[in-house]
Amino acid sequence: MEPRLTFVTLGVKNLARARAFYEKLGFKPSSASTDEVAFYDAGGVVLALWGRSNLAGDAGVASAGSGFRSVAVAHNVRAEGDVARVLAEAKAAGGKVIKPSEKAFWGGQSGYFADPDGHLWEVAYNPFMPLDAAGRVMLPPAGPPAGMSDAAIAAILKSSRTFAVVGASDDPGRPSYGVMSYLKAKGYKLIPVNPTLAGKKILGASVRKDLAAIRTPVDVVDIFRRPDAALEVVRAAIRLKDRLKIKTIWMQLGVINEEAAAEARAAGLAVVMDRCPKIEYARLIGV
């Protein structure tokens, strides 16, 4: 286990009251926050506010009585399989596994252990909140991107039916796979795009080598590529926008390319940048 802390989650009685308190103190809520949980960048560690009973239930402990301290800290890992490994290390060091590694309702992998004094630690793999080189969680920033309101993002999600996912992966541990799985569960049609996987299937959908190989209409081109590679994808989408009926360019969390965004807007396409459709769907429409 790397000796670092990624989250401090406080179990609160009244989320609205708690949010008002911390935000008056200057904490800025991340756009990953929802009606049920709030996330704040606390200088490299994430402060999370969650209902006391929800936090206890997630850890698998009783919320009543003095045994639950209404707080848990977290250690986020880089791969799904690392959750079970770190729990085993904690047990070997003298801790107690409270909840074994299992799929989390929010799409990642999670488990809990308690230290010798009973303090709760969550061990989590979250494909929607990647870690930087130092192991810090990369939260999406506060508020929607410039020029794109919550209402506009919600309208895109409600009106769109087909996502072409550029940079799709067949590895369940990769963020693109988790997002595609979520979108499929919400009723969207997916067209994976990846030249190295062309001809294979991901979640039952045939992989295309590039956007030009797609023959059916596409509402959203969702880009899981490096920021410097986004411009090439956007220019291909612009060339094909009339044939494929493309309406929106969506650049995933961490994919920020202002030149690509400007060219897409100039071509009449809507642009969502540095956002995850799974997070935005849960935040704006509901889990």
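Counting of residues starts from 1 at the beginning of each chain's written sequence and follows it residue by residue. Note on the predicted model: pLDDT of at least 70 is required for a residue's local features to be given, and 80 or more for side-chain atom pairs to be given and counted; whole-chain, interface and lining totals, by contrast, use all residues. Side-chain calculation: all heavy atoms of the structure are included, whereas hydrogens and water are not.

Some details on helix α6 (residues 230–244)
Logical step 1: Each helix is a run of DSSP H or I of at least 4 residues and each strand a run of E of at least 2, with the numbering of both proceeding from the N terminus. Between the first and last residue of a helix there are one fewer steps than residues, each counted as 1.5 Å, and that sum is the expected span. The end-to-end C-alpha distance of α6, which contains 15 residues, comes to just 18 Å, noticeably less than the 21 Å that a straight helix rising 1.5 Å per residue would cover.
Logical step 2: To get the bend at any residue, fit one axis to the seven residues that end at it and another to the seven that begin at it, then take the angle between the two axes. Most pronounced at Ile 238, the bend in α6 amounts to some 40°.
Logical step 3: For α6, the set of buried residues is Ala 230, Leu 231, Val 233, Val 234, Ala 236, Ala 237, Leu 240 and Leu 244.
Logical step 4: The elements touched by buried residues of α6 are β8 (162–166), β12 (220–223), β13 (248–251) and α7 (258–266).
Logical step 5: At the C-terminal side of α6, Lys 245 shows a positive phi close to 60°. Classification of residues uses two cut-offs on accessible area relative to the type maximum, computed with a 1.4 Å probe and protein chains only: under 20% is buried, over 50% is exposed, and between them is partly exposed. By definition, residues are in contact when any of their heavy atoms lie within 4.5 Å.

A look at the nonpolar core
For soluble globular proteins, nonpolar side chains are generally found buried alongside one another.
Logical step 1: Ranked by internal contacts, the top residues of the largest apolar core, which has 45 residues, are Phe 7, Phe 39 and Phe 163.
Logical step 2: Going through the elements one at a time, β2 (37–41), β3 (46–51), α2 (52–59), β4 (71–76), α4 (150–159), β8, α5 (175–185) and α8 (277–284) are the ones with two or more residues in this core.
Logical step 3: Per-element tally for this core: the top contributor is α5, with five residues.
Logical step 4: Excluding residues within four positions of it along the chain, Phe 163 makes contact with Leu 157, Leu 183, Tyr 188, Lys 189, Leu 190, Ile 191, Val 220, Asp 222 and Pro 277. Here, nonpolar core refers to any group of buried Ala, Val, Leu, Ile, Met, Phe, Trp, Tyr and Cys residues whose side-chain atoms link them within 4.5 Å.

Points about the pairing of β13
Logical step 1: Here β13 shows two buried faces, one formed by Thr 248 and Trp 250 and the other by Ile 249 and Met 251.
Logical step 2: At least two bridges found by DSSP between two strands are what make those strands a pair. Relative to β13, β12 runs parallel, the two sharing four bridges. Bridge assignment links Asp 222 to a residue of β13, and that residue is Trp 250.
Logical step 3: Seen with its strands pointing away from the viewer, a crossover is right-handed if its path from the first strand over the helix to the second goes clockwise. Handedness of the β-α-β unit built from β12, α6 and β13 comes out right-handed.
Logical step 4: The sheet contact formed by β13 and strand β14 (residues 270–272) spans three bridges and is parallel. When the bridges of β14 are listed, Thr 248 appears paired with Ala 270.
Logical step 5: Crossover β13 to β14 through α7 is right-handed.

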